[in-house]
Structure formats: structure tokens, C-alpha cells
Amino acid sequence: MNILNNCLKKIHFFKPEPSDVVVFDETNINLIKTIIPENLIVSVFKTRPMEFHITPSIILNFLKNLKYFKLGNSGLSSKSLFYKIFWQLLCIYIKADLLSRNPKAVLTSIDNSSKFAWLSENFHRAPCIAIQNGFRLSYDANSMDKYYCQHLFCFGEREIIDFPRLNYKVDNFYPVGSLNLSLNFDSQLTDIKPKYDILVVSCWRGNIGYAQDVEDSMKAMRIMDETLATYLGNRNLKTAVILRSERDSDQWFMPEVGLTEEDYYKSIYGDLIEIVDVNFAQRNVYPVMQSAEVIIAGFSTTCLIEAYGMRKKILYMNFCGNNKYHCDFKAEIVFEAHDNKSPSFESRLNALLEISSEEYMIKHEETMKFYMRDPLISPRDHIRSGINDIIFSKSDCLGILT
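Note that the structure is predicted; figures quoted are calculated from it, not measured.

Q: Pulling in residues and values, what's your account of the packing of helix α3 (residues 56-64) against helix α4 (residues 81-101)?
A: For the pair α3 and α4, interaxial distance at closest approach is 8 Å and the crossing angle is 130 degrees. Of the possible angle classes, the one that applies to α3 and α4 is oblique. As for the relative orientation of α3 and α4, their crossing is right-handed in sense. Contacts from Ser57, Ile58, Asn61 and Phe62 of α3 reach α4 at Leu89, Ile92, Tyr93, Ala96, Asp97, Leu99 and Ser100.

Okay, structure coming up:
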């Protein structure tokens, strides 16, 4: 009865308010609102959980758009037949709802949403615009659902070059850097001596199941942490780890490991390392990274490439035994433990600690720009003006923003 009542609470028998911009998926809504031009009326299409509006016009739109039902082309190859049918009908309902709102644009921060990909392909009443929210890895390209954005505000040139190879369809790229990074970058920390010699960005996976990539990442992370603990044992280096999950959240304890994230790190490092709690609301990972000389991670994480974008020294530690999860990163920012010809773990870390930030930036400047546009060149301003241009140009051929 409670389940039925909860479902009924999400059904409304009135037409949603018309708006200029519909934000698809409420995730990061406060972030998204910072880049929407102030003269535009905004509404949110909620998906967590989905809210339904049932009106005669929406029902009529739904029936008219059943022609878009293409079971064999759902982009959900690994799903059951029932799921594919339900998913496609849900997408058609979303389109019917959006048609009733008559927006000038549909905007999301979930650029890899399969439903948004469907809209990008099948909804043409208004442009569908996405803000990239994470680094997209090649290994996941074949397993993930369809990726399609009409307009994508991306991190850098890397997406423009690699996405076509990964069969990710994007009609128009706009390389602007990381919006999250730019809004949380503290310019006052740029001229202050770093607090930490080494910062580990945790790649803890949390309570999400134990798929192959989760198992591989946790095994590789443990090897790196044990190796780093040995390295730190006879050195006087101020070292910290910033956690990935918030304390006592549903991701804090990982059943397969049998430990909380904090206990995992204490079991390996003891008092060799300071533990820094992550705060999602304050997004403190960015100022903490700014406060470090060298930033490393035991697996692939977007945070490191964002740190690289703010001109920090970084190193992805690859203890996976192969290049499956790190092939998207250039050799100068990856330590390949399985490559006997590469410098040792100790040598790579020593070199990063010894090189000046100025010299490092000179050597890496082009690669930094390749992955991430400069956060000091405001992505927020670029995105806001870009959205305005997309909406009011009435053009689907805006090309690449430079």
C-alpha cells in the first residue's frame, strides 16, 4: 500500500508549467542554474524518481509519438526484452511531456544519460544541450548505453578527437573545461605553499556491487596504497588522502572489502597519512587538491584530470596489470607498474616532488590544454553565452566553439 501511495504522489493531473529551459534530471540542479541566462524561465523534469503529468494533450502527444518505438534500436543491448519495451515507452512519455512545456532548450548535466541520448536523437522541437560531468573512458564505451548529445560543453580537445572513435555521437562540441572545477577554484590558494607533499584521491567504489571493473579497481588500488605506504615509511613527507564517500553514507561501507573507507586506509597507512573527509555540498575536493604538491590516484578518476587542468602535478598509478583502464591518458601522467622498461614507482614520485611547478607546467602545458581548458577562463561565462547563442540562433550547425 505504501508503494502504491508513493507512486500516486508522483502522478499529477495538471499540465506542467511552460518554461524556456527544462533541466532534464534534477542532479546538480543548483550547478546548472548558475549557467542558465537570467532572463529565461526554468523548470525541472524530475527523474529521481520520475514524476508523471497526465493530461489529454500529453496523452495525445504520447500516442502520436509511438511511431518512435524502435525496439531493435533501443541502445540497451544488455537489457531484457521487457526492460527495453518499458524504457522506450518511458522515453516517448518524456518527449510527450516536453512537447507540452514547449521549451526553448532542454539542458542536462548528465551527459551520459541514455534517456537524454534518446531525446537528442528524437526530440527536435528545441535543442538538447549537455554539460559534461565526468571523464569518459574507452573501456566503458562498448558496455554503456547509447551516447548522443546534440550540443556538448566538454572538457577539452580530447573529447572532439576521441568520441567519434568511441562511437559517441555529438553534433556540436564546445570545449570549455570543467564547470565544477571553475566554480570551486580558489585563486587565493595559487600562491600559497602547498599543505601536502602528496595527496591521494581515493577511488573507493562503495556499495555498488562487485562487477569486474569494481573488482579490478579495488585490487589495483590496494597494491598502490601498500606500495605508497612502503615509500612513505622512511620519508618525512606530509601526505593525505581525500575520501570519495561521505562519512556514514550508503557508500561508506563496502561489503566485499568488509571495511569502511576510513578503516581501509587506516589498515594500510596507520599514521603515515592524514584522512580528509569529502564534503559534496562544499565540493572541498578542489581546494584540497589545490593545497597539494603532487596528486595521485590508484585508478582512473575525473578529479585528477581536473587537477591537471588547474596546472597541478598528477600521476595515475596503474597497478591493473594492463592498460585497459588507463589507455585514455598520455604516458607522461601514468605510472605503468606492469611495464618493466618504465622508471620505478619511487623514481616517478621523486621526480614529481623535485621538479618545480613552473618547469612542470612548461613541459605539460599542451597536454593540460588537450584534456582541460584553463579554469581561469570562466567556463560558466562561456556556457551561459553558448546556451544563449544556441537558443536564439535557431541553428543546429554551430560547430566547434573555440
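Q: Explain the side chain of Arg136 to me, and be specific about the residues and the numbers.
A: Tracing the backbone through its elements, the reader meets Arg136 in the loop between β6 (128-131) and β7 (148-154). For Arg136, a relative accessible area of 10% translates into the label buried. Looking at Arg136, its side chain comes within polar contact range of the side chain of Asp111, at 2.7 Å.

Q: Any chance you could break down the nonpolar core for me, citing the residues and the numbers?
A: Counting residues in hydrophobic clusters, the biggest one holds 70 residues, and the most contacted among them are Leu228, Tyr269, Met289, Ile296 and Ile333. Sorting elements by how many residues they give to this core places helix α8 (residues 212-233) first, with 9 residues. Excluding its chain neighbours within four sequence positions, the residues that come into contact with Met289 are Leu199, Val201, Ile295, Cys303, Ala307, Met310 and Lys312. Residues Phe45, Phe116, Ala141 and Cys154 belong to the second largest nonpolar core, which totals 33 residues.

Q: How would you summarise the sheet that holds strand β3 (residues 42-45) if you had to cite specific residues and measurements?
A: Strand order in this open sheet of 6 strands is β3-β2-β5-β6-β7-β8, and the pairing throughout is parallel. On the outer flanks of this sheet lie β3 and β8 (169-175), each paired with one strand and no other. Looking at each pair of strands side by side, their axes are set apart by 25 degrees on average, direction ignored. Relative to β7, β6 runs parallel, the two sharing 3 bridges. Residue pairing for β7: Ile131 is matched across the bridge by Phe153. The strands that helix α5 (residues 114-122) touches are β2 (21-24), β5 (105-108), β6 and β7; relative to β7, the one it contacts most, it runs at about 115 degrees.

What counts as what
- Residues numbered from 1 in each chain as written.
- Predicted model: local features only at pLDDT ≥ 70, side-chain atom pairs only at ≥ 80, totals over all residues.
- Heavy atoms only, no water.
- Axes fitted to C-alpha atoms, helices over the stretch in contact; angles between N-to-C directions.
- Helix = DSSP H or I, 4+ residues; strand = E, 2+ residues; numbered from the N terminus.
- Parallel < 35°, antiparallel > 145°, perpendicular 65-115°, else oblique.
- Left-handed = near helix turned anticlockwise from the far one by under 90°.
- Contact = heavy atoms within 4.5 Å.
- Buried < 20%, exposed > 50% of the residue type's maximum accessible area, 1.4 Å probe, protein only.
- Polar contact = N/O pair within 3.5 Å; in protein donor to acceptor, adjacent residues only side chain to side chain.
- Core = buried A, V, L, I, M, F, W, Y, C linked by side-chain atoms within 4.5 Å.
- Pairing = 2+ DSSP bridges.

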